[in-house]
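# Geometric and topological summary
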Amino acid sequence: MKKKKSKTPNAPPFAVEEESSDAALCEFYTHSLCPYAHRVSLALAFKRVPHARKHVDVSNKPRWFLQVNPRGLVPVIRTREREVLNESIDLCYWLDASFVGENHPPLMPSDNDERNRALRLVKAADGGFIAAGLSFIGGGWGFTEGDPGDARRATLAAEVAKIEDQMDDWDTFLCGVDPSVADVVLWPFVERFELAMREFNDTELAEMGGKKFSRWMRHMKKLPEVRRLAPDEAKLLKSWRRTMRLDYFDYETADMDDP
Ligand SMILES: N[C@@H](CCC(=O)N[C@@H](CS)C(=O)NCC(=O)O)C(=O)O
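Scope of this entry: the structure provided in the associated data block. On a predicted model such as this, the values are computed, not experimentally measured, just so you know.

## What to know about the side chain of Lys47
Relative to the assigned elements, Lys47 resides in the loop between helix H1 (35-46) and strand S2 (52-55). There is a polar contact of 2.8 Å between the side chain of Lys47 and the side chain of Asp96. What Lys47 contacts, discounting residues up to four positions off in sequence, is Leu95, Asp96, Phe99, Asn103, His104, Pro105, Pro106 and Leu107.

## Quick notes on the nonpolar core
Grouped together as the largest cluster of nonpolar side chains are 73 residues, with contacts concentrated most on Phe129, Leu205, Phe213 and Trp216. Top element by residues in this core is helix H6 (residues 181-200). It accounts for 13 residues. When residues of this core are sorted by domain, at least three fall in each of domain 1 (1-107 + 245-259) and domain 2 (112-222). For Phe213, the contacting residues outside a window of four places in its chain are Phe129, Val160, Ile163, Glu164, Leu186, Val190 and Leu205.

## So, the packing of aromatic side chains
Within the structure shown, the criterion is met by 12 aromatic pairs. Note on Tyr29 and Trp64: the rings are 6.2 Å apart at their centroids and 40° apart in plane angle, and the pair reads as tilted. Note that Tyr29 is positioned in strand S1 (residues 26-30) and Trp64 in helix H2 (residues 63-68), a separation of 35 residues in sequence. For Trp64, a relative accessible area of 18% gives the class buried. Their ring planes at 40° and their centres at 5.6 Å tell us that Phe213 and Trp216 sit as a pair that is tilted. You can see Phe213 and its partner Trp216 sitting in helix H7 (residues 211-222), three residues apart, about one turn around the helix.

## Looking at the pattern of salt bridges
If you walk through the whole model with that rule in mind, you get 15 salt bridges. With a closest N to O distance of 2.9 Å, Lys162 and Glu159 form a salt bridge. Of this pair, Lys162 and Glu159 both sit in helix H5 (residues 150-165), separated by three residues, roughly a single helical turn. A salt bridge links Glu199 to Arg241, with the nearest nitrogen and oxygen atoms 3.0 Å apart. Remark: Arg241 occurs in helix H9 (residues 233-243) and Glu199 occurs in helix H6; sequence separation between them is 42 residues. Owing to a relative accessible area of 30%, Glu199 belongs among the partly exposed residues under this scheme. Residue Arg241 is classed as partly exposed on the basis of its relative accessible area of 40%. Because the salt bridges share partners, they merge into one network encompassing Glu114, Arg117, Asp168 and Asp171.

## What about the sheet that holds S1?
Hydrogen bonds between backbone atoms are what pair the strands of a sheet, whose relative direction is either parallel or antiparallel. Pairing is mixed in the open sheet, where four strands are placed in the order S2-S1-S3-S4. At either end of the open sheet lies a strand with only one pairing partner, and these are S2 and strand S4 (84-86). On average, each strand axis in the sheet is inclined to that of its neighbour by 25°, with strand direction left out of account. Relative to S4, strand S3 (residues 76-79) runs antiparallel, the two being bridged by three bridges. Considered in S4, the bridge of Val76 is made with Asn86. Against the sheet, H1 makes contact with S1 and S3, and its axis sits at roughly 150° relative to S1, the strand it touches most.

## Examining the environment of Gly127
As for its placement among the helices and strands, Gly127 is situated in helix H4 (residues 112-137). Here Gly127 falls in the partly exposed class, since its relative accessible area comes to 34%. Along the chain, Gly127 and Glu159 lie 32 residues apart, while their C-alpha atoms are 9.3 Å from each other.

## Regarding the packing of H6 against H9
Between H6 and H9, the shortest axis-to-axis distance is 11 Å and the interhelical angle comes to 55°. For the element pair H6 / H9, the angle class is oblique. For the element pair H6 and H9, the recorded crossing hand is right-handed. Contacts between H6 and H9 involve Arg192, Leu195, Ala196, Glu199 and Phe200 from the first element and Glu233, Leu236, Leu237, Trp240 and Arg241 from the second.

## Focus on unusual backbone geometry
Glycine aside, negative phi is the norm for most residues, and most peptide bonds take the trans geometry. For the bond running from Val74 to Pro75, omega is 5°, close enough to zero to count as cis. Turning to its location among the elements, Pro75 is positioned in the loop between H2 and S3. Phi is positive for Arg48, close to 55°, though the residue is something other than glycine. Structurally, Arg48 can be placed in the loop between H1 and S2. On the basis of relative accessibility, which here comes to 53%, the residue Arg48 falls in the exposed class. Of note in the backbone geometry, Glu87 takes a positive phi value of approximately 75° without being a glycine. In this fold, Glu87 is placed in the loop between S4 and helix H3 (88-98).

Parameters and conventions
- Residues numbered from 1 in each chain as written.
- Predicted model: local features only at pLDDT ≥ 70, side-chain atom pairs only at ≥ 80, totals over all residues.
- Heavy atoms only, no water.
- Helix = DSSP H or I, 4+ residues; strand = E, 2+ residues; numbered from the N terminus.
- Polar contact = N/O pair within 3.5 Å; in protein donor to acceptor, adjacent residues only side chain to side chain.
- Contact = heavy atoms within 4.5 Å.
- Core = buried A, V, L, I, M, F, W, Y, C linked by side-chain atoms within 4.5 Å.
- Buried < 20%, exposed > 50% of the residue type's maximum accessible area, 1.4 Å probe, protein only.
- Domains from an automatic or database assignment.
- Phe/Tyr/Trp six-rings, centres within 6.5 Å; stacked < 30°, edge-to-face > 60°.
- Salt bridge = Lys/Arg side-chain N within 4 Å of Asp/Glu carboxyl O.
- Pairing = 2+ DSSP bridges.
- Axes fitted to C-alpha atoms, helices over the stretch in contact; angles between N-to-C directions.
- Parallel < 35°, antiparallel > 145°, perpendicular 65-115°, else oblique.
- Left-handed = near helix turned anticlockwise from the far one by under 90°.

Below you can see the structure in the form of structure tokens.
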């Protein structure tokens, strides 16, 4: 994604939030408007993993964050053993494998065939769907207002169809009746594309597919974890309208005169 500034402020650490530090099983470095970090927030919530959450201003990365993660991207998890892990999908799998038992619901089916189905869904969600969604709203990470045209419409519809092809009629989630990594990987982008397409392209994402996809969207929106972690739409829209770029959600705190 777009890199904004290389300035490294010394301290004090900017905008650090900590939650449930005492009982924390890991540290989670995040930004409230980042869709990749949003995946990990959903995984932490569905798996009920107590964690210390640290907000990072990625438009003006503090030195303490770069010391933790020289790569400079969120999301990051630091384990109790001080191991630093990144890449949103890997983090979701790591959380699922690391926190097991009755207090931590699984995010992957135990049945082998179902597991493979969930993996196929993750692949469809992370690859074609995101590319087609970005192309629909403008190409790259920018927005273009108006009708994106038949070709882009057909490409996005085909990607939604690929996801639906993997869903069974009785599924409430993408892969069965419980949330899986597939749901948490796809949802943050669905939520953002839905808002952007409505705002800029006069299109409803839920109508780009069939019944299974729109039912899944309705179901997700009702979940307490999803509602609690939903980005602030007004804030997103303000940032998007100011910059006409989707990736400026990262840089909400950037200089307003020189975004
Ligand atoms: N492939 C990474 C992408 C993470 C990413 O692009 N994070 C953005 C925020 S949404 C970031 O940290 N940007 C800061 C920068 O580009 O310097 C993942 O899935 O975790």
